[in-house]
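Close look at the chain arrangement
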Amino acid sequence: MKVKSLRAFAALILALSMLCGITAFAAESENKPFEDSMFFEYGDYSIHYRTVPAEGEQRGRILMIHGFMCSTYSWRNLAADMSRRGYECVLVDLPDFGFSTRETASTNVVPREEIITALMESIAPTDEWIIAGHSMGGGVAINIAAVNPVKALLLYCPCPQPTFPAFLERIVKTKLVENMTDTFLRLGVRIDPLVRAVIFAATADYEFAKEYDLSGVTDPVFYDGFGKGICEMMYNVQPTDLEKAKNITAPVLLCQAEKDVILTSAQKTEINETFDFAEQHVLAGAGHQCIENRSAELSEITDGFLTANGVAGA
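Criteria and cut-off values
- Residues numbered from 1 in each chain as written.
- Predicted model: local features only at pLDDT ≥ 70, side-chain atom pairs only at ≥ 80, totals over all residues.
- Heavy atoms only, no water.
- Helix = DSSP H or I, 4+ residues; strand = E, 2+ residues; numbered from the N terminus.
- Rg over C-alpha atoms; globule rule 2.2 N^0.38 Å.
- Buried < 20%, exposed > 50% of the residue type's maximum accessible area, 1.4 Å probe, protein only.
- Core = buried A, V, L, I, M, F, W, Y, C linked by side-chain atoms within 4.5 Å.
- Contact = heavy atoms within 4.5 Å.
- Expected span 1.5 Å × (residues − 1).
- Pairing = 2+ DSSP bridges.
- Axes fitted to C-alpha atoms, helices over the stretch in contact; angles between N-to-C directions.
- Salt bridge = Lys/Arg side-chain N within 4 Å of Asp/Glu carboxyl O.
- pLDDT = per-residue confidence, 0-100.

**A closer look at the overall build of the protein chain**
On a plain count of helices and strands, the protein chain comes out with 14 helices and eight strands. For 314 residues, the compact-globule estimate of 2.2 N^0.38 gives 20 Å, and the protein chain sits close to it at 18 Å. Across its three principal axes, the protein chain shows a C-alpha extent of roughly 55 × 50 × 40 Å. Relative to its 314 residues, the protein chain shows a buried fraction of 56%.

So this is what it looks like as structure tokens:
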């Protein structure tokens, strides 16, 4: 199969998993996925997060929110690069992803934005934070920055959260569909070539996909209730308010990827027009998951942006 066709096929698989995927699991502090794992308790939620300390004198504090089907793992390279530049990075798993609580029909639902803001405030006031979002996490970051005083907003291939049709709720949240989604994802991540093909489609980087540690993607899926939690998530999330986003006064960095096969042209255009006041960059040859394999380039762009806007310390 030609490379272009393989990427298109892998992108289709990823898109299908997003459609299918958009019991309770409460992570316990004594069951740490990583040595630096911590948990923030908020209502019915136990939120997994990790902190990468700044090297040398701290120049800023960044809260990083991952995209769909991802976790704190997707930020590992960019966080390390920004740490070396003097930024403390806090990486968080959204509800239903990574090692955070899976929502169920009995969960006392709280908006993701409220939970993440509470986590930020438990560490430092919101006006001391730079907030970063990738893909779906970009939509969450936008909502937070639209109502909270943050120092800067960093968007990497952001994908605003839409309002899902109400008539589909009775179908998606049935036991049958939830179990099918859970089974589909668990079986899918057991097929290494398929997972690598999806990573290739998302990064546009064959060598990176070939050497990728698949456990970073597969481990969270094997926690009970992953697919079921995602089905519940679809109707619990707060849609991204792009009209309110136009009133954001903090400096905004918007980075898109030239070979992004996940976001449509219409989605990119809508975001670019909403943030016409932002500093915008397009990474040549990069894929949607550029925060992983193009972290060196992105960290240079990001640090330059923060420094030029007076956000970063000397």
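**Regarding the nonpolar core**
The nonpolar side chains of soluble globular proteins are, as a tendency, buried together. The biggest cluster of nonpolar side chains holds 58 residues, and the ones touching the most others in it are L63, I65, I131, L153 and F275. Among residues more than four places away in sequence, those in contact with I131 are L63, I65, M120, A141, I144, A145, V150, A152, L153 and L154. The next biggest cluster of nonpolar side chains, apart from the first, holds 30 residues, and it includes M82, C159, L263 and I291.

**Digging into helix α3 (residues 112-123)**
Given a rise of 1.5 Å per residue, 12 residues ought to cover 16 Å, and the 17 Å separating the end C-alpha atoms of α3 matches this to within 8%. For α3, the set of buried residues is R112, E113, I115, I116, T117, A118, L119 and M120.

**Quick notes on the pairing of strand β1 (residues 37-42)**
Relative to strand β2 (residues 45-52), β1 runs antiparallel, the two sharing six bridges. Its bridge partner being in β2, E41 is matched across the sheet by S46. In sequence, β1 turns back onto β2 through a hairpin of two residues, with G43 there showing a positive phi of about 60°.

**Looking at the side chain of S71**
Counting through the fold element by element, S71 comes out in the loop between β3 (60-65) and α2 (76-84). A relative accessible area of 5% places S71 in the buried class. For S71, the residues in contact, after removing those within four places along its chain, are H66, D93, G98 and G216.

**Some words on the sheet that holds strand β8 (residues 279-283)**
Pairing is mixed in the open sheet, where eight strands are placed in the order β1-β2-β4-β3-β5-β6-β7-β8. Each edge of the open sheet carries a strand with a single partner, namely β1 and β8. Mean inter-strand twist for the sheet, computed between neighbouring axes without regard to direction, equals 20°. Sheet topology places β3 next to strand β5 (residues 130-134); four bridges connect them, and they run parallel. Looking at the pairing, M64 lines up with A132 of β5. On top of the sheet, α3 reaches β1, β2, β3, β4 (87-92) and β5; it is set at about 115° to β1, its chief contact.

**Some words on the environment of T264**
Topologically, T264 is positioned in the loop between β7 (252-257) and α12 (265-274). According to the relative accessible area criterion, T264 is partly exposed, its value standing at 41%. Taking the C-alpha atoms as reference, T264 lies 9.7 Å from C159; in sequence the two are 105 residues apart.

**A word on the pattern of salt bridges**
In total, this model carries 12 salt bridges according to the counting rule given. Between R50 and D36 there is a salt bridge whose closest N-O contact spans 2.9 Å. Of the two residues, R50 sits in strand β2 while D36 sits in the loop between α1 (3-21) and β1, which places them 14 residues apart along the sequence. Within the structure, one salt-bridge network assembled from shared partners comprises R59, R85 and D303.

**Details of the confidence of the model for the protein chain**
Mean pLDDT for the protein chain: 90, with 90% of residues reaching 70 or above. This model gives residues 12-29 a pLDDT under 50, and the stretch forms 42 contacts once residues within four places in sequence are excluded.

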